[in-house]
Amino acid sequence: MSSSYVEPRLLRAFLAVAEELHFTRAAARLYVAQQALSRDIRRLERELGAELFARTTRQVTLTADGARLLPHARRAIEAQDALLAAFAGPPPERGPLLVDVNSPGLVHERVLARARELAPEQELMTRYESGLTGAAAEILAGRLDVSFGRFAGLDPAVRARLDQQPVRYEPMAIVLPEDHPLAVLDAVPLDRLAGETVYAGAGNPRTPEWTDLARRLFEGRGIEVAPPAPLAVGQEEFRRIMTKYRNPVLTGVDFPAMPGTVRRPLVDPVPLSPVSLVWRMGRQHPGIAALRAAATALAAENGWLEYPANGWIPTMDARIMMRRT
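Here the residue numbering is sequential within each chain, running from 1 through the sequence in written order. For this predicted model, a pLDDT threshold of at least 70 governs which residues receive local features, and a threshold of 80 or more governs which side-chain atom pairs are given and counted, while totals over whole chains, interfaces and linings are taken from all residues. Note that the side-chain values use all heavy atoms of the structure and ignore hydrogens as well as water.

Trainee: I'd love a proper account of the nonpolar core, names of residues and values included.
Mentor: Ranked by size, the top nonpolar core spans 29 residues in total, and within it Val99, Val111, Val146, Phe148, Val167 and Leu291 carry the most contacts. Only DSSP runs of H or I with at least four residues qualify as helices, and only runs of E with at least two residues qualify as strands; both kinds are numbered from the N terminus onward. For this core, the elements supplying multiple residues, two or more each, are strand E3 (97-100), helix H5 (107-118), strand E5 (146-149), strand E6 (162-177), strand E12 (270-280) and helix H10 (286-302). Of the residues forming this core, the biggest block, seven residues, is contributed by H10. Note on definitions: a residue-residue contact is assigned when non-hydrogen atoms from the two residues lie within 4.5 Å. In this structure Phe148 touches Val99, Asp100, Val101, His108, Val111, Leu132, Val167, Val275, Ser276 and Leu277, once residues within four positions along its chain are discounted. Residues belong to a common nonpolar core when they are buried Ala, Val, Leu, Ile, Met, Phe, Trp, Tyr or Cys residues joined through side-chain atoms within 4.5 Å. Think of it in three bands: residues with accessible area under 20% of the maximum for their type are buried, residues over 50% are exposed, and the middle band is partly exposed, with areas taken using a 1.4 Å probe on protein chains only.

Printed below as a string of structure tokens:
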């Protein structure tokens, strides 16, 4: 490496090309001329002493060095953006922050715990209610401050009023009655669910983004989304509903264990649930800054934003998860 300093502008140029894999689109996204963008990329390659992109007349791809740089560049730009946001506009709001972490035991709790370590002076209050669609409405109404979930599944008009930061590509899993034939497997290939009717929150007005993700995953695979069932709150109600209806339940790999059931990861491919941290656009609060810093640190430590080679995710979700706010 020929320099001990890399300008953030060069890293932003690199990220735009890495995410678009197209110099013309990347230049338009950055509002610069394509020639200027190409110069910045060449300069960055000289600074790092590495070729970052393989270019042909038809396509642009990341080299091994480019793929190695990608997570570091994202963290650097996220840190700069957080710094600039902290000193932009009016002073940040103070007071308690209400954070919806969905359910006990999920990745959201880990982000909240780390944020409390980073900013012990902040009062971060916890709420446990599932569903980003429901949470988003409450954020916009001022009754909730922060939530987690699948941002791409929200109505575009709602997304336009919210900010988000990708947290994790969470592998998905299936919860089965412990006597289900597939329960003997350590992992369930997706095609083994053909002919099954799987519960994915259909009819729950708080979670249509999750049901939509399930329908996209099941399409063309012979898997049906189970019709609406009574909403189970608590372990005993969940166990009772599973015993009565016996439908497998689509969930994430961190879903807590429940009596009388087993949780198995899905494979071939590995379906991914995109998790974002979500808050109202323009909201300035030191608690939100702490949550963002916590999410960034944990994602880097645990590889949460490393996309697996055999992963599956809808295109719309992939685009949103790659574009950091």
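Trainee: How would you explain the environment of Ile288 if you had to name every residue and give the values?
Mentor: Following the sequence through the fold, Ile288 ends up in helix H10. For the pair Ile288 and Leu124, spaced 164 residues apart in the sequence, the C-alpha separation amounts to 9.3 Å. For Ile288, the residues in contact, after removing those within four places along its chain, are Leu97, Val146, Trp279 and Arg283.

Trainee: Please set out H10 residue by residue, giving values where relevant.
Mentor: Its 17 residues place the ends of H10 24 Å apart at the C-alpha level, agreeing with the 24 Å of an ideal helix rising 1.5 Å per residue. Among all positions of H10, only Pro286, Gly287, Ile288, Ala290, Leu291, Arg292, Ala294, Ala295, Thr296, Leu298 and Ala299 are buried. Gly303 sits one or two positions beyond H10 and adopts a positive phi of about 65 degrees. By this rule the span expected of a helix is its residue count minus one, scaled by 1.5 Å.

Trainee: Let's hear about the pairing of E3: which residues, and what values?
Mentor: In the sheet, E3 pairs with strand E4 (residues 124-127) via four bridges, with the strands oriented parallel. Note on E4: the bridge partner recorded for Asp100 is Arg127. After leaving E3, the chain enters H5 and then returns to the sheet as E4, a path that is right-handed. The pairing criterion is simple: DSSP has to find at least two bridges between the two strands. With the strands aimed away from the viewer, a crossover counts as right-handed if its path from the first strand over the helix to the second runs clockwise.

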